[in-house]
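Given next are the chains, with one letter for each unit.
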Amino acid sequence: MDWQTWGLAAVGGLMIGAAAAALLALTGKTAGISGILDGVVRGEKFEFTWKLAFVLGLTAGGIGLVFVLPENMAGQGLRSLPVMALAGLLVGFGTRMGGGCTSGHGVCGIGRLNVRSIVGTITFIAVGAITVVFARMIGGA
Amino acid sequence: MAKPLIGFLCGLLFAFGLGLAQMTEPTRVIGFLDFFGDWDPTLMFVMGGAIAFYLPVWYLLRGRKAVVGGDIIPKKLVSNLDKRLFIGAGIFGVGWGIAGVCPGPGIVLLARAQVDFILFVACMIAGILLHSLLMNPKASKQVAAATA
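Since the structure is predicted, the reported quantities are computational estimates derived from the model, not experimental observations. (Residues numbered from 1 in each chain as written. Chains lettered and ligands numbered in written order. Predicted model: local features only at pLDDT ≥ 70, side-chain atom pairs only at ≥ 80, totals over all residues. Heavy atoms only, no water.)

Scanning chain A for helices and strands turns up six helices and zero strands. Along chain A, helices and strands appear, N-terminal first, in the series α-α-α-α-α-α. Expressed along its principal axes, the backbone C-alpha trace of chain A runs to roughly 45 × 35 × 30 Å. Buried residues in chain A amount to 60% of all 141 residues. Considering only contacts in chain A between residues 6 or more positions apart, those separated by 24 or more positions represent 34%. Counting every atom, chain A has about 5,500 Å² of accessible surface; 75% of that belongs to carbon and sulfur. Separation of charge centres in chain A, based on 9 positive and 5 negative side chains, amounts to 10 Å. (Helix = DSSP H or I, 4+ residues; strand = E, 2+ residues; numbered from the N terminus. Buried < 20%, exposed > 50% of the residue type's maximum accessible area, 1.4 Å probe, protein only. Contact = heavy atoms within 4.5 Å. Areas by Shrake-Rupley, 256 points an atom, 1.4 Å probe, with all protein chains shown as cover. Lys, Arg positive; Asp, Glu negative; His and termini not counted. Charge placed at Lys NZ, Arg CZ, Asp CG, Glu CD.)

What follows is about empty space enclosed by the protein. The final tally for this structure, using the stated rule, is one cavity of 30 Å³ or more. The wall of the largest cavity is formed by 18 residues, among which A:Ile16, A:Thr102, A:Ser103, B:Leu18 and B:Cys102 lie closest to the centre. For the lining of the largest cavity, the elements supplying multiple residues, two or more each, are α1 (2–20), α3 (42–61) and α5 (103–108) of chain B. In terms of residue count, α3(B) provides more of the lining of the largest cavity than any other element does, four residues in total. When grouped by side-chain class, the residues that make up the lining of the largest cavity number 15 nonpolar, three polar and no charged. (1 Å grid on protein atoms, 1.4 Å probe; cavity = no way out; pocket = protein on both sides within 12 Å on 5 of 7 lines; lining within 4 Å. Points joined across faces, edges and corners; volume = space filled by probe spheres on them. Nonpolar A, V, L, I, M, F, W, Y, C, P; charged D, E, K, R; others polar.)

All names here are of chain B. Over its 17 residues, helix α4 (residues 83–99) runs 25 Å from end to end, which matches the ideal 24 Å to within 8%, given 1.5 Å per residue. Within the sequence span of α4, burial applies to Leu85, Gly88, Ala89, Gly90, Phe92, Gly93, Gly95, Trp96, Gly97, Ile98 and Ala99. Downstream of α4 by one or two residues, Gly100 has phi in the positive range, about 75°. (Expected span 1.5 Å × (residues − 1).)

Under the counting rule described, the total for this entry stands at nine salt bridges over all chains. One salt bridge connects A:Asp38 with A:Arg96, and the closest N-O pair in it is separated by 3.7 Å. With A:Asp38 in helix α2 (residues 33–41) and A:Arg96 in helix α4 (residues 81–98), this residue pair connects regions lying 58 residues apart in the sequence. You'll find A:Asp38 and A:Arg96 in the same group, each marked buried. Taking the shortest distance from any N to any O, the salt bridge between A:Arg116 and B:Asp82 comes out at 3.0 Å. A residue pair is termed interchain when its members come from two chains, as with A:Arg116 in helix α6 (residues 115–138) and B:Asp82 in the loop between α3 and α4. Given a relative accessible area of 14%, A:Arg116 falls into the buried group. (Salt bridge = Lys/Arg side-chain N within 4 Å of Asp/Glu carboxyl O.)

Before going further, it helps to examine the environment of A:Val119. Along the polypeptide, A:Val119 turns up in helix α6. In sequence terms A:Val119 and A:His105 are 14 residues apart; their C-alpha atoms lie 9.0 Å from each other. Excluding its chain neighbours within four sequence positions, the residues that come into contact with A:Val119 are B:Leu81, B:Leu85 and B:Phe86.

Facing the 100 residues of chain B at the interface are 101 residues of chain A. Summed over both partners, the interface of chain B with chain A comes to about 9,500 Å²; 78% of that surface belongs to carbon and sulfur atoms. The partner of A:Arg136 in a salt bridge is B:Asp34, and the shortest N-O contact between them spans 2.7 Å. Counting the contacts that link chain B with chain A gives 19 residue pairs in polar contact (both at pLDDT 80 or more). Sorting elements by how many residues they give to the side of chain B that touches chain A places helix α6 (residues 115–135) of chain B first, with 17 residues. Residue classes in the side of chain B that touches chain A are distributed as 68 nonpolar, 21 polar and 11 charged. (Buried area = accessible area lost by both parts, 1.4 Å probe. Polar contact = N/O pair within 3.5 Å; in protein donor to acceptor, adjacent residues only side chain to side chain.)

Distances and angles like these do not, on their own, reveal function.
Encoded structure:
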């Protein structure tokens with residue numbers, strides 16, 4: 001049992017929910033990270049500036065975390081570099097094709113009782129679980 | 001200038017939430033997906049906490065005007081289930097299950113300045129651009145015009 005980790009996880013989750021809810025209430029926008037990153041890298045008209053600012057906020061938060069909570073930023077990449085590259089490609093392509101990632105579907109979509117997001121989230125968690133089983137069979141961590 | 005400032009601060013809070021919840025630790029994410037092994041429920045608490053905050057706020061404000069910019073806070077969206085959803089979420093699930101990193105933590109982990117996470121995010125951006133090239137002819141024309 002790891003109650004401290006889970007309690008902090010719930011508090012972290014509330015912070016994520018608060019950030020997404022504040023963005024929704026103040027601007028009407030959805031805090032879906034893959035969609036936000038998509039708007040930035042494609043230089044989306046009208047939406048570019050706030051999306052870039054959000055990504056910079058995430059990055060600044062990461063830099064802050066390295067100093068404030070270094071033990072939570074100590075994780076290593078679990079796979080070899082070519083496999084990490086492949087995983088990144090799949091995550092980028094898949095989240096855009098499916099219209100959202102863990103934040104867009106998993107938090108904001110489910111948080112709006114959107115059936116599409118509930119089904120999407122169940123799908124990527126189920127496929128993720130199967131992938132973990134296969135990765136172990138092949139000999140990964 | 002209000003919208004970018006709001007975006008920045010929300011991104012900052014989002015990142016701190018991810019960090020406090022240890023979603024920046026790929027083994028935690030892989031542990032959650034490992035239903036058939038030594039299951040780690042941490043991610044469930046994170047998602048549960050986030051939805052617990054977001055859902056009532058959305059429910060109370062849906063259909064109203066946002067504070068800045070005049071956008072309407074979306075009501076229930078059209079929730080059609082199509083092939084793109086299942087195939088896209090499936091492809092994402094494979095990548096997520098391999099690396100234990102999704103887009104939010106990926107960007108936050110750039111702060112570690114480590115080659116594996118930088119490579120992951122660079123390839124994630126490549127995947128996003130590849131998708132817009134293959135799936136959206138209008139966007140691909142824009143890219144073609146920009147690179148010509």
